[in-house]
Amino acid sequence: TTTNAQKNLRATLPDLRHVLGEYLIVSHQEITFNQQLEHWVDFYQLKQVMNSSAGSTEEKFAQFAQLYQGDLLRGLNVANTPEFESWLAQQTQLLHSKIAETLQQWGRLFLEQNAVKEGLAATQILLKLQPWDEAAHRLRMRLFWRGKQRSAALLQYNQCADYLEEELGIE
């Protein structure tokens, strides 16, 4: 209930203030994080790496690989919060879309630059996010082929065909 939620917040807020200090801004209407103070958040850094035009693709991918740890707020369970769960699902989907778009772009650049190892790493992450993405499978096959790993390219084709057949019921 709202009464219980307010009671729990009043009990928790002093601990949060003790831990976060000036980073926590509390008003009667909201509690926010003070972004004006110096801070580092992996989510912000990840978005910056994906949006950056500076540096080589290899450097950006290496930074991405260090920062990316899976789904947004993975493992966080907040019971009976449908609005929060809806927001989190929407944010996760937006992040997945941006990551998939970026990895697809980087994978193509790696193929053009003959950077097979990096391209294969990028497409591996991409296919974990979107195993149904035929374009990602094709890109991975081309990278294997470029790297003279013919049997791996054929295996990738079979994995793609099997996934599409089993999960989506299409050839």
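This structure is a prediction, so every number in the text was calculated from the model and none was measured. (Residues numbered from 1 in each chain as written. Predicted model: local features only at pLDDT ≥ 70, side-chain atom pairs only at ≥ 80, totals over all residues. Heavy atoms only, no water.)

Engineer: When you look at the overall build of the protein chain in this model, what are you seeing that I'm missing?
Structural biologist: Summing up its helical and strand segments, the protein chain has seven helices and two strands in all. Taken from the N to the C terminus, the helices and strands of the protein chain come in the order α-β-β-α-α-α-α-α-α. Along the first, second and third principal axes, the C-alpha atoms of the protein chain reach 65 × 40 × 20 Å. In the protein chain, buried positions account for 30% of the 171 residues. For the protein chain, the proportion of contacts with a sequence separation of at least 24, taken over those separated by at least 6, is 46%. Counting only carbon and sulfur atoms, one obtains 50% of the accessible surface of the protein chain, whose full area is about 12100 Å². For the protein chain, the distance from the average position of its 16 positive side-chain charges to the average position of its 20 negative side-chain charges is 5 Å. (Helix = DSSP H or I, 4+ residues; strand = E, 2+ residues; numbered from the N terminus. Buried < 20%, exposed > 50% of the residue type's maximum accessible area, 1.4 Å probe, protein only. Contact = heavy atoms within 4.5 Å. Areas by Shrake-Rupley, 256 points an atom, 1.4 Å probe, with all protein chains shown as cover. Lys, Arg positive; Asp, Glu negative; His and termini not counted. Charge placed at Lys NZ, Arg CZ, Asp CG, Glu CD.)

Engineer: What exactly am I supposed to notice about a positive patch on the surface here?
Structural biologist: A cluster of basic side chains, namely Arg-142, Arg-146, Lys-148 and Arg-150, defines a positive patch on the protein surface. Mapped onto the elements, Arg-142 comes out in helix H6 (residues 134-146). You can call Arg-142 exposed: its relative accessible area is 52%. (Patch = residues over 30% accessible without salt bridge, like charges linked within 9 Å, V, L, I, M, F, W, Y side chains within 5 Å. Salt bridge = Lys/Arg side-chain N within 4 Å of Asp/Glu carboxyl O.)

Engineer: Explain the nonpolar core to me, please; I cannot follow it from the model alone.
Structural biologist: Generally speaking, a soluble globular protein has its nonpolar side chains buried in company with each other. Counting residues in hydrophobic clusters, the biggest one holds 22 residues, and the most contacted among them are Leu-46, Phe-61, Phe-64, Ile-99, Leu-103 and Trp-106. Put simply, the parts of the chain that give this core at least two residues each are helix H2 (42-51), helix H3 (57-67), helix H4 (82-112) and helix H5 (116-129). Ranked by the residues each element gives to this core, the list is headed by H4, at seven residues. Setting aside residues up to four positions removed in sequence, Phe-64 forms contacts with Leu-46, Val-49, Met-50, Ile-99, Leu-103, Trp-106 and Ile-125. By size, the runner-up hydrophobic cluster in this structure holds eight residues, among which are Leu-111, Val-116, Leu-120 and Ala-152. (Core = buried A, V, L, I, M, F, W, Y, C linked by side-chain atoms within 4.5 Å.)

Engineer: For this particular structure, what's the right way to read the side chain of Gln-156?
Structural biologist: Here Gln-156 is to be found in helix H7 (residues 150-168). Residue classification places Gln-156 among the buried residues on the basis of a relative accessible area of 4%. At 3.1 Å, the side chain of Gln-156 forms a polar contact with the side chain of Arg-140. Not counting the four nearest positions on each side in its chain, Gln-156 is found in contact with Leu-127, His-137, Arg-140, Met-141 and Phe-144. (Polar contact = N/O pair within 3.5 Å; in protein donor to acceptor, adjacent residues only side chain to side chain.)

Engineer: Help me understand H3, please; the structure alone is not making it clear to me.
Structural biologist: Along an α-helix, residues three or four positions apart point the same way, because every turn accommodates 3.6 residues. Listing the buried residues of H3 in full gives Thr-57, Lys-60, Phe-61, Phe-64 and Leu-67. Buried residues of H3, seen end-on, are gathered within an arc of 125° and therefore sit on one face of the element. Those residues of H3 that are buried are in contact with H2, H4 and H5. (Arc of directions from axis to C-beta.)

Engineer: Before we go on, may I ask you to explain the side chain of Thr-123 in this structure?
Structural biologist: Examined against the element boundaries, Thr-123 turns out to sit in helix H5. What makes Thr-123 buried here is its relative accessible area of 0%. A polar atom in the side chain of Thr-123 sits 3.1 Å from the backbone oxygen of Leu-120. Once residues lying within four places of it in the same chain are set aside, the contact partners of Thr-123 are Ala-136, Leu-139, Arg-140 and Leu-143.

Engineer: Would you mind going over a negative patch on the surface with me for this structure?
Structural biologist: A cluster of acidic residues, Asp-162, Glu-165, Glu-166, Glu-167 and Glu-171, forms a negative patch on the protein surface. Tracing the chain through its elements places Asp-162 in helix H7.

Engineer: Would you mind showing me how to read the packing of aromatic side chains here?
Structural biologist: For any pair of aromatic rings, the description rests on two quantities: the centre-to-centre distance and the angle between the ring planes. All told, the structure shown has eight aromatic pairs when counted by the stated rule. Seen in terms of ring centroids, Tyr-23 and Phe-33 are 5.6 Å apart; in terms of plane orientation they differ by 20°. Their pairing is stacked. Remark: Phe-33 occurs in strand S2 (residues 31-33) and Tyr-23 occurs in the loop between helix H1 (2-20) and strand S1 (24-26); sequence separation between them is ten residues. Phe-33 sits in the partly exposed class, given a relative accessible area of 36%. (Phe/Tyr/Trp six-rings, centres within 6.5 Å; stacked < 30°, edge-to-face > 60°.)

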